[in-house]
Amino acid sequence: MPVSAPPGPRSRATRALYLIPLLALLATGCASASGAEPDADPTAAIPLPGPDDGSSDEGSPGTAGAGDGAHEPVGDGPLHDRVVVIDPGHNGGNAEASSEINRLVPAGPQQKACDTVGAETGSGYPEHLFNWELSLLVKERLEADGATVILTREDDEGVGPCINERAEIGNEADADAALSIHADGGPETGRGFHVIVPGEVEGYTEEIVEPSRELAEDLRREYREGTDIPYADYLAQDGLDERTDLGGLNMSTVPKVFLEAGNMRNPEDAALLEDPQWQERAANSIARALAVYLLRE
Ligand SMILES: [Zn+2]
């Protein structure tokens, strides 16, 4: 099927916006991006610990990677000792590599396919590319505030990595938080986003259920505030869905959630997902959610 041109490369002027430090966004409640009055944004009231309040090492052992010395801080911002893994779902080469991505890999108590191809909008904008572009925007924002950000793939042309390897990247990095970015391929009539949290899977997810839910709630709130996409109306509950069958969550030892950023098959959602300016706003909200979560730890 012919694939229409995806949103093109962003201009330099737009790119400069990436460098607005998150702290400024946090302080203003992201009002400039959402168009809301600062006082009207309830998220502006979230109490944020200062970067130097010394509480960063009090998280539960095994989940807080901050301060373990494994990573060189990349900046002086408030997130300078935090490590975040961003996992752009799927990959551009998956569709041409069915035997590779269909092989079974450990996914918890069961095995699942290494990876899948992903969804696309009615105009042919593929999910793997959306995931990749949004992940880069989030990465730039977090790095502007000093976080170390690791992506699970290096471009949008390759195959995989497999779901268990994506989880392993977060584990190896001892990430403070990991986020898989996806968009759904739901029914055309259904719209909205949801955040997937790990349910308890004995021997796998016990340690991450609670912190992952906190992360999910931060993400659900900020994403709902910062985008025009409502909670999904065709699955999940109030934008949250607990799953015990996803290898990317079951194999993670660090707090991790999936964002299903919208329904690519729904024309209203698709129009937003394809819009580079909307993507900037979405990235603001996602980065903000991660910063709020990381600064609370
Ligand atoms: Zn996906």
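The structure this text deals with has already been given above.
If you're wondering where the values come from, they're calculated on a predicted model, not measured in any experiment.

Rules and cut-offs
Residues numbered from 1 in each chain as written. Predicted model: local features only at pLDDT ≥ 70, side-chain atom pairs only at ≥ 80, totals over all residues. Helix = DSSP H or I, 4+ residues; strand = E, 2+ residues; numbered from the N terminus. Buried ≥ 20, exposed ≤ 12 C-beta atoms within 10 Å, placed from the backbone. Contact = placed C-beta atoms within 7 Å. Axes fitted to C-alpha atoms, helices over the stretch in contact; angles between N-to-C directions. Left-handed = near helix turned anticlockwise from the far one by under 90°. Pairing = 2+ DSSP bridges.

Participant: I'd like a description of the overall build of the protein, backed by residues and values.
Facilitator: For the protein, the helix and strand inventory stands at 10 helices and eight strands. Looking at the protein as a whole, 48% of its 297 residues are labelled buried. Put simply, 81% of the contacts in the protein that link residues at least 6 apart link residues at least 24 apart.

Participant: Account for the packing of helix α7 (residues 209-226) against helix α10 (residues 276-296), with residues named and values stated.
Facilitator: Two elements in contact, α7 and α10, have axes whose closest approach is 8 Å; the angle formed by their N-to-C orientations is 150 degrees. The two elements α7 and α10 meet at a crossing, and its hand is right-handed. Within the contact between the two elements, α7 uses Glu214, Leu215, Asp218, Leu219, Glu222, Tyr223, Glu225 and Gly226 and α10 uses Arg281, Ala282, Asn284, Ser285, Ile286, Arg288, Ala289, Val292 and Tyr293.

Participant: Could you give an account of the sheet that holds strand β6 (residues 194-198), naming the residues involved and the relevant values?
Facilitator: The strand order across the open sheet formed by six strands is β4-β1-β5-β8-β6-β7, and the pairing between neighbours is mixed. Of all strands in the sheet, those with a lone pairing partner are β4 (148-151) and β7 (240-243), marking the two edges. Direction aside, the axes of adjacent strands within the sheet are offset by 25 degrees on average. Here helix α5 (residues 127-144) sits on the sheet in contact with β1 (83-88), β4, β5 (177-184) and β8 (256-263), set at roughly 145 degrees to β5.

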